[in-house]
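Here is what each chain is made of, one letter per residue.
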Amino acid sequence: MGKRVRKAVLPVAGLGTRVLPGAKTTPKNLLNVVDRPILSYIVEEARAAGIEHIVFIVGRGQAAIEDYFDAIPEIEQALAAKGKTDILEDLRRDLPEPGQMSFIRQMAPLGLGHAVWCARHVIGDEPFAVMLPDMLMMAKRAALAQAVDAYEQKGGNVVVVEPCPPGEAHKYGIVALDGQDGRLNRMTGMVEKPAPGTEPSNLFISGRYILQPEIFEILETQERGAGGEIQLTDGMFHLMKKQDFHALEYEGTTYDCGDKIGLLRANVAFALARPDLADAARKAINALL
Ligand code: UTP
């Protein structure tokens, strides 16, 4: 078995045009789902998968992300003085141990492949996870932990996938498989937004990856692809010629918080899943319907 997956890259430097104006002055991954920013859930998922170091790829105007993962002594002291220890603990649970997070500027949003490449010096020569922080995954066993399990079984590279709604394959990155037997299958290819009827499967790439460091050499000279952006999918396609890739159909549900309705669905689903809020949330939703 190869090296353990210890580090995760979280690219958050995109423009977030689909959730404007909400994402104009607040980075979109700091928008709330129920009472916590989306990133709080993603970091929790990373920790549940044994990740020890998180590398954020940030853009201009996103310093609030660094602040969110820092202590805030004025508020902490006020809460402690008032004996509000539950709120204080909730506030502190997102904080990293010193040195467990890095923040790297992507000076222009040249694409997801470029964003991942920006992490190369911090990742070094070891396998690592990529988590697209727009994709909030509700799962009994954390989605990334399921990917790490698959990596420990098969080695190489792992791409988390899930079935897309019927007739919608043309909106997604779709994987091609070497036969389908259970949830973990060898990949033979992938295609970004296939023309309707030409999709090689109904499984789309849903935002969690385990990649080998050789991807960096490929991304280094990667040409711009779809949308004029340096695409991670193109880089993975090249790496697939040299290394194994497996697609894992994870157990859980994904909410695309980079999209207005996806963000709304996430708020409803996560409120209904909270023991302390479920009853009140159900009443409020029913009253609106
Ligand atoms: P998206 O294309 O879905 O996100 O990128 P976006 O550009 O932020 O959003 P829209 O489409 O304009 O609404 C997928 C992920 O990759 C990151 C984004 O932040 C998002 O988490 N990304 C994308 C970067 O970090 N840098 C880039 O250059 C592009």
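**Focus: the overall build of the protein chain**
Then step 1. Scanning the protein chain for helices and strands turns up 11 helices and 13 strands.
Then step 2. Judged by the C-alpha coordinates and their principal axes, the protein chain covers about 60 × 45 × 40 Å.
Then step 3. Looking at the 289 residues of the protein chain, the share that counts as buried comes to 48%.
Then step 4. Considering only intrachain contacts with a sequence separation of at least 6, the fraction spanning at least 24 residues in the protein chain is 76%.
Then step 5. Total accessible area on the protein chain is roughly 14500 Å²; 53% of this is exposed by carbon and sulfur atoms.
Then step 6. Charge separation in the protein chain, taken as the distance between the mean sites of 32 positive and 38 negative side-chain charges, equals 3 Å.

**Focus on the nonpolar core**
Soluble, globular proteins show a tendency: their nonpolar side chains are buried together.
Then step 1. Ranked by size, the top nonpolar core spans 48 residues in total, and within it Val33, Ile51, Phe56, Leu136 and Ile210 carry the most contacts.
Then step 2. Looking at this core, the elements that each hand over two or more residues are strand 1 (7–11), helix 1 (38–48), strand 4 (53–58), strand 6 (128–131), strand 7 (135–138), helix 7 (143–154), strand 8 (157–163) and helix 10 (260–272).
Then step 3. The element contributing the most residues to this core is helix 7, with seven residues.
Then step 4. With residues near it in sequence (within four places) discarded, Leu136 still touches Val33, Ile38, Tyr41, Ile42, Thr253, Thr254, Tyr255, Cys257, Ala266 and Phe270.
Then step 5. Core analysis: the second largest hydrophobic core is formed by 32 residues, Val55, Ile57, Met187 and Leu211 among them.

**Remarks on the packing of aromatic side chains**
Then step 1. Under the criterion given, the structure shown has seven aromatic pairs.
Then step 2. Taken together, Phe56, Tyr68, Phe69 and Phe103 form an aromatic cluster joined through their ring pairs.
Then step 3. The cationic tip of Arg36 hangs over the ring face of Tyr41; the distance from NZ or CZ to the ring centre is 4.5 Å.
Then step 4. One Lys or Arg, Arg120, reaches over the ring of Trp117 and ends 3.7 Å from the middle of that ring.

What counts, and at which threshold
- Residues numbered from 1 in each chain as written.
- Predicted model: local features only at pLDDT ≥ 70, side-chain atom pairs only at ≥ 80, totals over all residues.
- Heavy atoms only, no water.
- Helix = DSSP H or I, 4+ residues; strand = E, 2+ residues; numbered from the N terminus.
- Buried < 20%, exposed > 50% of the residue type's maximum accessible area, 1.4 Å probe, protein only.
- Contact = heavy atoms within 4.5 Å.
- Areas by Shrake-Rupley, 256 points an atom, 1.4 Å probe, with all protein chains shown as cover.
- Lys, Arg positive; Asp, Glu negative; His and termini not counted.
- Charge placed at Lys NZ, Arg CZ, Asp CG, Glu CD.
- Core = buried A, V, L, I, M, F, W, Y, C linked by side-chain atoms within 4.5 Å.
- Phe/Tyr/Trp six-rings, centres within 6.5 Å; stacked < 30°, edge-to-face > 60°.
- Lys NZ or Arg CZ within 6 Å of the ring centre and 35° of its normal.

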